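Structural overview for review
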Amino acid sequence: MGYVDLHLHTTASDGVMTPSGIVRYAKSKGLQAIAITDHDTIEGLDEGLSEGEKVGFEVIPGVEISAEHFPGSMHLLGYFFDIHHPLLKGKLDYLQKARADRNPKIIENLNRLGVKIRYEEVVKASGGGQVGRPHFAQVLIEKGYVRSFQEAFERFLKKGAPAYVDKLRFKPKEAISFIEEAGGVTILAHPKTLGMNGSSALEKIVLDLMEIGLKGIEIFYPEHTPMEMAQFKTMAERYGLLMTGGTDYHGIEKEELDIGVGRGEMRLPYSLVEALKAARNHSP
Ligand code: AMP
Ligand code: ZN
Ligand code: FE
Ligand code: FE
């Protein structure tokens, strides 16, 4: 049995590889299956799934939805939903419309700060998919305003920085219900970023999410320390939650990280996929 990667981004959101490109890349790396989990969009799935069929490689439909949460960020991963489900599609389209309002405001803020970049340049950097802050960062680097992604976010783009504009997010309950309605399974992505202080605060959030349909947690993740992974695993075992993992490979900002292996340490068995399949609501 081979290995899998259940958290990947493409040009449909803020990754650099096209959906078909990432499928071919995963296959060339000897993986057995991948999930494409773009931020707030499923627009890359048609292409990714067709490429999988064409080259004989298993591609799992996925999405990573940002949900309202304080103080950190909550990302919910959906898997194995019906990619043509009108509710899920409609709700994600609505987020795209909200981004279309947000992005020009970020440009206005940057221009006001003396940063002369145009929206067309950012659209070009996005490679044709959804436009987000990483694409603004890319243009800021290209034009010499900053030297790195980190600097772009620190000085301009991160929450609280002068060019930041908030993004529309669904409530966790809404995001989970859209995924469930479409026949999918919802997993809490990288629990570390929730920014909870201590394991009991995290446990409370997880229990609340379970009440509204959460099925598992993403345990294996490059930014999780071995201690955090052990902690999340204990929690998953205690509550009978599914365990998943993935590299969150984007190809841009973290170039030392690769598909399937992360920083070299990840080996995720196909049994994670079998457990997810067993948990889905119906065959898509
Ligand atoms: P957006 O969805 O447009 O708000 O962009 C969110 C994306 O920006 C995340 O998925 C990250 O890839 C990236 N990002 C957010 N905050 C930071 C940060 N402080 N440093 C680097 N990248 C970040
Ligand atoms: Zn991203
Ligand atoms: Fe995420
Ligand atoms: Fe991600």
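Before any of the text, the structure's been laid out above.
An account of the accompanying structure is given in this report. (Residues numbered from 1 in each chain as written. Chains lettered and ligands numbered in written order. Predicted model: local features only at pLDDT ≥ 70, side-chain atom pairs only at ≥ 80, totals over all residues. Heavy atoms only, no water.)

**A look at the sheet that holds strand S3 (residues 58-67)**
A sheet is described by the order of its strands in space; here eight strands give the open sequence S7-S6-S5-S4-S3-S2-S1-S8, paired in mixed fashion. Each having just a single partner strand, strand S7 (242-245) and strand S8 (268-269) make up the two edges of the open sheet. Here strand S1 (residues 3-5) runs beside strand S2 (residues 33-36); their pairing, made up of two bridges, is parallel. Bridge assignment links Val4 to a residue of S2, and that residue is Ala33. Relative to strand S4 (residues 74-79), helix H7 (residues 172-181) is tilted by about 10°, and along the sheet it contacts S3, S4 and strand S5 (185-188). Contacts from helix H10 (residues 271-279) reach S1, S3, S4, S5, strand S6 (216-220), S7 and S8, with the element oriented near 130° to S7. (Pairing = 2+ DSSP bridges. Helix = DSSP H or I, 4+ residues; strand = E, 2+ residues; numbered from the N terminus. Contact = heavy atoms within 4.5 Å. Axes fitted to C-alpha atoms, helices over the stretch in contact; angles between N-to-C directions.)

**Here we look at the side chain of Ser66**
Here Ser66 lies in strand S3. A polar atom in the side chain of Ser66 sits 3.3 Å from the side chain of Lys167. (Polar contact = N/O pair within 3.5 Å; in protein donor to acceptor, adjacent residues only side chain to side chain.)

**Digging into the coordination of the zinc ion (ligand 2)**
Around a metal, the idealised angle for a tetrahedral arrangement of four donor atoms is 109.5 degrees; for an octahedral arrangement of six donor atoms it is 90 or 180 degrees. The protein atoms that coordinate the zinc ion (ligand 2) are Asp14 (OD), Asp14 (OD), His39 (NE2) and His250 (NE2), at distances of 1.9 to 2.7 Å. Each of the four donor atoms around the zinc ion (ligand 2) contributes to a set of angles spanning 51 to 128°, which defines the coordination as irregular. Sequence positions of the residues that donate to the zinc ion (ligand 2) give the spacing D-x24-H-x210-H. The metal-metal distance between the zinc ion (ligand 2) and the iron ion (ligand 4) comes to 4.7 Å. Placement of the pair is Asp14 in the loop between S1 and helix H1 (19-28) and His39 in the loop between S2 and helix H2 (45-55), with a sequence separation of 25 residues. Among the residues examined, His39 registers a relative accessible area of 13% and is labelled buried. (Donors = N, O, S within 2.8 Å, 3.2 Å for Na, K, Ca; no water. Tetrahedral: all angles 85-135°; square planar, octahedral: opposite > 155°, others 65-115°. Buried < 20%, exposed > 50% of the residue type's maximum accessible area, 1.4 Å probe, protein only.)

**Let's talk about the coordination of the iron ion (ligand 3)**
Coordination sphere of the iron ion (ligand 3), protein contribution only: Glu64 (OE), His75 (ND1) and His190 (NE2), at 2.0 to 2.2 Å. Distance-wise, the iron ion (ligand 4) is placed 3.4 Å from the iron ion (ligand 3), both being coordinated by Glu64. With Glu64 in strand S3 and His190 in the loop between S5 and helix H8 (199-211), this pair connects stretches of sequence that are 126 residues apart. For Glu64, a relative accessible area of 0% puts it in the buried group. With a relative accessible area of 3%, His190 lands in the buried category.

**Digging into the site of ligand 1**
In the vicinity of ligand 1 lie eleven residues, with His39, Arg99, Arg102, Arg133 and Lys167 positioned nearest. Between ligand 1 and Arg133 there is a distance of 2.8 Å, counted from an oxygen atom to a side-chain nitrogen or oxygen. Here a nitrogen atom of ligand 1 and a side-chain polar atom of Gln150 are 3.3 Å apart. Summarising the interface, the protein chains cover 78% of the accessible area of ligand 1, which totals 500 Å² for the free molecule. If you map ligand 1 onto the pockets, it falls in the largest pocket. Among the residues forming the shell around ligand 1, the class breakdown is two nonpolar, three polar and six charged. (Near = heavy atom within 4 Å. Areas by Shrake-Rupley, 256 points an atom, 1.4 Å probe, with all protein chains shown as cover. 1 Å grid on protein atoms, 1.4 Å probe; cavity = no way out; pocket = protein on both sides within 12 Å on 5 of 7 lines; lining within 4 Å. Sits in = over half its atoms within 2 Å of the grid points. Nonpolar A, V, L, I, M, F, W, Y, C, P; charged D, E, K, R; others polar.)

**Some words on the layout of surface pockets**
Estimates place the volume of the largest pocket at around 1200 Å³. Ser73, His75, Arg133, Phe153 and Thr193 are the residues nearest the centre of the largest pocket, which is lined by 41 residues in total. Broken down by element, the lining of the largest pocket gets its largest block of residues, four residues, from helix H6 (residues 149-157). (Points joined across faces, edges and corners; volume = space filled by probe spheres on them.)

**A look at the pairing of S6**
For S6, a buried count of four out of five residues is recorded, marking the element as mostly surrounded by other parts of the structure. Bridge count between S5 and S6: two bridges; the pairing is parallel. Within the sheet, the bridge partner assigned to Leu188 lies in S6 and is Ile217. One crossover worth recording links S5 to the parallel S6 by way of H8, and it is right-handed. Of the strand pairs in this sheet, S6 and S7 are connected by four bridges, and their pairing is parallel. Within S7, the residue paired with Phe220 across the bridge is Gly245. Taking the sense of rotation as the criterion, the β-α-β connection linking S6, helix H9 (residues 226-239) and S7 turns out right-handed. (Right-handed = clockwise from strand over helix to strand, strands pointing away.)

Geometric descriptors of this kind do not, in isolation, establish any biological role.
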